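Descriptive analysis of the structure
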Amino acid sequence: MGFDLSETLRSLKPGKHVGTLERRPDEAHSWAADEPQIGGPLFLDTSVYLDVLQGRSPLEVDTLLTYRLCHHSAVCLSELTHAFGRLNPNHPSTKAALETIAATVEDIPEHRLHAPDATTWGQAGVLAGLLFRMSNLPKGEGHERRFVNDALIFLQARQLGASVLTANVRDFDFLSQLIPSARVILYRAPPEQPSP
């Protein structure tokens, strides 16, 4: 259960990464639309759950979710259950939203739900700090915390030999530039339609 900082620094080499990360062109990535139905396991990012629940997931994502083995992160579980404390209980849509989230959480098979270990947490901290430094985003706007969650999901998927499935193109592009051995499958959800 220990964490070896020197080994993490040797493998991630944060001091050797300088400059600014730039998003690569779409052609440099793997996209859900180009993936075969049958293939390696997926590790779902929170964006997948949200897009599916909101009916915004593209057909190719729904197809992958149907045919591929899906793994889940305790990090995403936390991001989903956050709504139970955050949403206003007096708002008219809160009850239905929480019922939908509860059903989703209850559908996650226990044997496919993975919690990061101490080493993954330690590596994610270094990776998130590196990502924040090299992205030139402003401090104090929540990016650093979000990057820790993204790094945890990214590293967990790599540890399992699964591909992260996500609509978070920029952050996971940056992470895969820092650790090219991890596999990421991207998609874009259609833009939200304004309410009538």
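For the structure itself, look to the data block above.
Our subject in this report is the structure included herewith. Every chain is numbered on its own, with residues counted from 1 as its sequence reads. Reporting in this predicted model follows two pLDDT cut-offs: at least 70 for local features of residues, and 80 or more for side-chain atom pairs to be given and counted; totals over whole chains, interfaces and linings ignore these cut-offs and use all residues. Remark: hydrogens and water are excluded; side-chain values derive from all non-hydrogen atoms of the structure.

This brings us to the state of the cysteines. The disulfide criterion used throughout: a pair of cysteine sulfur atoms within 2.5 Å. One pass over the structure, following the stated rule, counts zero disulfides. Unpaired in terms of disulfides, C70 finds its nearest cysteine sulfur in C76, a separation of 12 Å. Only protein chains enter the accessibility calculation, which uses a 1.4 Å probe; a residue whose area is less than 20% of its type maximum is buried, one above 50% is exposed, and one in between is partly exposed. Taking the relative accessible area as the measure of exposure, C70 reaches 12% and is therefore buried. The buried category is assigned to C76, whose relative accessible area is 1%.

Any two strands are treated as partners once DSSP identifies two or more bridges connecting them. Helix numbering and strand numbering both begin at the N terminus, where a helix is a DSSP run of H or I of at least 4 residues and a strand a DSSP run of E of at least 2. Examined bridge by bridge, strand β1 (residues 30-31) and strand β6 (residues 183-186) share two bridges and lie parallel to one another. Its bridge partner lying in β6, S30 is registered against I185. Pairing of strand β5 (residues 163-166) with β6, which is carried by four bridges, proceeds in the parallel orientation. When the sheet's bridge partners are listed, L165 is paired in β6 with I185. We call a crossover right-handed when, viewed with both strands directed away from the observer, the connection leading from the first strand over the helix to the second proceeds clockwise. One crossover worth recording links β5 to the parallel β6 by way of helix α8 (residues 169-178), and it is right-handed.

A few words on the packing of helix α4 (residues 74-86) against helix α5 (residues 94-106). Structural elements are reduced to axes, namely lines fitted to C-alpha atoms, with helices fitted over the stretch in contact, and the angle between N-to-C directions of any two is expressed from 0 to 180 degrees. Close contact between α4 and α5 brings their axes to 9 Å; oriented N to C, the two are set at 150°. Here α4 is positioned roughly antiparallel relative to α5, judged by the angle of their axes. Between α4 and α5 the crossing geometry is left-handed. For the pair α4 and α5, the contacting residues are L77, L80, T81, A83 and F84 in the first and L98, I101, A102 and V105 in the second. When residues are sorted by character, Ala, Val, Leu, Ile, Met, Phe, Trp, Tyr, Cys and Pro go into the nonpolar class, Asp, Glu, Lys and Arg into the charged class, and all the rest, Gly among them, into the polar class. Broken down by class, the residue content of the contact of α4 with α5 amounts to eight nonpolar, one polar and no charged. Orientation is classified from the angle alone, with under 35 degrees giving roughly parallel, over 145 giving roughly antiparallel, 65 to 115 giving roughly perpendicular, and any other angle giving oblique. Here a crossing is called left-handed whenever its near helix is offset anticlockwise from the far helix by less than a right angle, and right-handed whenever the offset is clockwise. In what follows, residue pairs with any heavy atoms lying within 4.5 Å of each other are defined as contacts.

Turning our eyes to something else, we now look at the pattern of salt bridges. Side chains carrying opposite charge are able to pair once their charged atoms draw close together. By definition here, a salt bridge exists when the distance from a side-chain nitrogen of Lys or Arg to a carboxyl oxygen of Asp or Glu is within 4 Å. By the definition in use, this model includes nine salt bridges. Ionic pairing is found between E35 and R68, a salt bridge with its closest N-O pair at 2.9 Å. Of this pair, E35 sits in the loop between β1 and β2 (42-44) while R68 sits in the loop between α3 (59-67) and β3 (70-73); the two residues are 33 residues apart in sequence, bridging distant segments of the chain. With a relative accessible area of 16%, E35 lands in the buried category. For R68, a relative accessible area of 7% puts it in the buried group. Here D171 makes a salt bridge to R170, at a shortest N to O gap of 2.8 Å. R170 sits in the partly exposed class, given a relative accessible area of 31%.

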